[in-house]
Amino acid sequence: MKLYEVFLRAKSGLSHKHVGSVHATDAQMAMQNARDLYTRREEGESIWVVDSTQIISSNPNDKAAYFEPAVDKIYRHPSFYPFDKEVKNI
Amino acid sequence: MYSQGLRDSKAGDDSPELLDAFQQRIDKEEKIEPRDWMPQAYRKTLIRQISQHAHSEIVGQLPEANWVTRAPSLKRKLILLAKIQDEAGHGLYLYSAAETLGESRHQMYQDLLSGKAKYSSIFNYPTLNWADAGAVGWLVDGAAIMNQVALCRTSYGPYSRAMVRICKEESFHQRQGYDIMLKMAKGSPEQKAMAQDALNRTWWPSLMMFGPSDKDSTHSDQSMKWKIKRFSNDDLRQKFIDATVPQAEYLGLSIPDKNLKYNDKIGHYDFSEIKWDELFNVIKGNGPCNQQRMDARNKAYEDGAWVREAAAVYAEKQDNKKHNKEVA
Ligand SMILES: [Fe+2]
Ligand SMILES: [Fe+2]
């Protein structure tokens, strides 16, 4: 049995979201199991199943090195550019 | 893998600094996610609790399955089947959450089948008449909801998310049970007597579902500190009683406790001391149906062996075919 991660799109217009995992011997069974397990109440209209060994994830150890550089780049946000009230629609 | 590559702390490297930083995250209401650092004991407690919870959902299908073929109408049969299927689903959500902690589903399942792992004591009681299907939904699922709503805010992310999913489905379980009770209680005198009988037998075991009294609960303090648990056993039990007594009154049924009485001073119901010997005896394996439940699970696992083998061989064959095509 392999572990597959399951992603659902609740309705068109939204992106797929991780909901959990299933065990299956192959992709087709993973898809059927995901349908039975995660969409008994119309929770989705599209399913992705992904062999969990295929997911490459960032390491929590690298959290600071990866994500902290964004913290001091406040000039990326519109609030960094205040104007007088007279300037409108911007 | 999403759930593996664990940054596991080797035994003994739970340094005070790491423990401290961890506690600070918990205190800030941050959720802990699968690959984050966590104390060994936190991981172990969660694996034990989540897998026990999963086993309870799986074994919990059995008492109700007893009535599927004898449900009084097609409507009741469909409802019961849907409810039982939900319980299987709850088991699977929870195994999925426990796996993110590095425990294999196979191992957890083997521990259930060998009797090493525990499941909720309530499922070792029999369902003797149709009204039991009602009493189980109303009281057993009702008690489970009290517990599970509290667990939606547990500190471990995957557990909390599984609980949110489960809670969305539980309300249907409790309401269909109460609906059965209502029909029986307002039916013929015989039906009402069956409903009362079911309530008499299910009441105390349902109260025991919240676990031992706080003064005897071995795991509580640390679990509260780590926000795995967020309310004590006794608090949840009281909440359940307070919510349920008026529902029994509406049914016109009486709760089998002569000391049950609303206490104006504290705004809660007083009730008799629970027979703790009975709870511990059932947990030890001496309940009316322990052996039957274990036999049923083991038989189901053995009977399904050929399906698992066939699926594995089929998958291998498909892989080979694909591989040969690629080579050709
Ligand atoms: Fe459940
Ligand atoms: Fe349920």
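Residues numbered from 1 in each chain as written. Chains lettered and ligands numbered in written order. Predicted model: local features only at pLDDT ≥ 70, side-chain atom pairs only at ≥ 80, totals over all residues. Heavy atoms only, no water.

Participant: Would you take a moment to explain the overall build of chain B for this structure?
Facilitator: Along chain B, the regular secondary structure elements total 13 helices and two strands. Taking 328 residues into account, the globule formula puts the C-alpha radius of gyration at 20 Å, and chain B, at 22 Å, falls close to it. Projected onto the principal axes, the alpha-carbon positions of chain B cover approximately 75 × 55 × 35 Å. Across the 328 residues in chain B, those meeting the buried criterion constitute 51%. Taking the contacts inside chain B whose residues are at least 6 apart along the sequence as the reference set, 78% of them involve residues at least 24 apart. (Helix = DSSP H or I, 4+ residues; strand = E, 2+ residues; numbered from the N terminus. Rg over C-alpha atoms; globule rule 2.2 N^0.38 Å. Buried < 20%, exposed > 50% of the residue type's maximum accessible area, 1.4 Å probe, protein only. Contact = heavy atoms within 4.5 Å.)

Participant: Is there a simple way to think about the coordination of the iron ion (ligand 2) in this case?
Facilitator: Each angle at a metal carrying four tetrahedral donors should ideally be 109.5 degrees, and each at a metal carrying six octahedral donors should ideally be 90 or 180 degrees. All names here are of chain B. At 2.0 to 2.3 Å from the iron ion (ligand 2) lie its protein donor atoms, namely Glu87 (OE), Asp141 (OD), Glu170 (OE) and His173 (ND1). For the iron ion (ligand 2), the four donor atoms in the first shell make angles of 84 to 171° at the metal, so the coordination geometry reads as irregular. Here the iron ion (ligand 2) and the iron ion (ligand 1) are spaced 3.3 Å apart, and both take Glu87 as a donor. Of this pair, Glu87 sits in helix H4 (residues 74-99) while His173 sits in helix H7 (residues 157-185), placing them 86 residues apart in sequence. No difference in accessibility class separates Glu87 from His173, as the two residues are buried. (Donors = N, O, S within 2.8 Å, 3.2 Å for Na, K, Ca; no water. Tetrahedral: all angles 85-135°; square planar, octahedral: opposite > 155°, others 65-115°.)

Participant: Help me out: how do you make sense of the coordination of the iron ion (ligand 1) in this one?
Facilitator: Residues and elements named next belong to chain B. Listed as protein donors to the iron ion (ligand 1) are Glu57 (OE), Glu87 (OE), His90 (ND1) and Glu170 (OE); their distances from the metal cover 2.1 to 2.4 Å. Here the iron ion (ligand 1) is ringed by four donor atoms whose angles at the metal span 81 to 155°, and the overall shape comes out irregular. Mapped onto the sequence, the donors of the iron ion (ligand 1) take the spacing E-x29-E-x2-H-x79-E. Of the residues examined, His90 reaches a relative accessible area of 0% and is grouped as buried.

Participant: Would you take a moment to explain the sheet that holds strand E1 (residues 2-9) of chain A for this structure?
Facilitator: In a beta sheet, neighbouring strands pair by backbone hydrogen bonds and run either parallel or antiparallel. Residues and elements named next belong to chain A. Pairing in this open sheet of three strands is antiparallel, and the strands run E2-E1-E3 from one edge to the other. Across the chains shown, the open sheet's two edge strands, defined by having one partner strand only, are strand E2 (17-24) and strand E3 (46-51). The average undirected angle you get between the axes of adjacent strands in this sheet is 30°. Pairing geometry for E1 and E2, over seven bridges, is antiparallel. Residue Val6 lies in a different strand from E2, and its bridge partner there is Gly20. (Pairing = 2+ DSSP bridges. Axes fitted to C-alpha atoms, helices over the stretch in contact; angles between N-to-C directions.)

Participant: Please explain the packing of H7(B) against helix H8 (residues 189-208) of chain B as it appears in this structure.
Facilitator: To characterise two packed helices, one gives the angle between the axes of the helices and the distance between these axes. Residues and elements named next belong to chain B. Following both chains from N to C, one finds H7 and H8 inclined at 135°, their axes separated by 7 Å at the closest point. The orientation of H7 relative to H8 falls into the category oblique. Contact with H7, carried on its side by Met181, Met184 and Ala185, involves Gln191, Lys192, Met194, Ala195 and Leu199 of H8 and no other residues of that element. Its residues assigned to classes, the contact of H7 with H8 shows six nonpolar, one polar and one charged. (Parallel < 35°, antiparallel > 145°, perpendicular 65-115°, else oblique. Nonpolar A, V, L, I, M, F, W, Y, C, P; charged D, E, K, R; others polar.)

Participant: When you look at the side chain of B:Arg105 in this model, what are you seeing that I'm missing?
Facilitator: Considering the arrangement of structural elements, one finds B:Arg105 in helix H5 (residues 105-114). Assessed through its relative accessible area of 12%, B:Arg105 is described here as buried. Side-chain polar atoms of B:Arg105 contact the side chain of A:His23, separated by 3.3 Å. For B:Arg105, the side chain forms a polar contact with the side chain of B:Glu99, separated by 2.9 Å. (Polar contact = N/O pair within 3.5 Å; in protein donor to acceptor, adjacent residues only side chain to side chain.)

Participant: Honestly, the packing of H4(B) against H7(B) in this entry has me stumped. Any pointers?
Facilitator: All names here are of chain B. For the pair H4 and H7, the least separation of the axes is 10 Å and the interaxial angle reads 160°. Put simply, H4 runs roughly antiparallel to H7. As for how H4 packs across H7, the hand of that crossing is left-handed. Within the contact of H4 with H7, the residues separate by chemical class into 12 nonpolar, three polar and nine charged. (Left-handed = near helix turned anticlockwise from the far one by under 90°.)

Participant: How should unusual backbone geometry be read in this particular structure?
Facilitator: Glycine aside, residues mostly have negative phi, and peptide bonds are mostly found in the trans state. Unlike most non-glycine residues, A:Asn89 shows phi in positive territory, near 55°. Residue placement: A:Asn89 occurs in the segment after helix H2 (63-67). What makes A:Asn89 exposed here is its relative accessible area of 86%. Phi is positive for B:Glu29, which is not a glycine, with a value near 65°. By the element assignment, B:Glu29 lies in the loop between helix H1 (16-27) and helix H2 (40-59).

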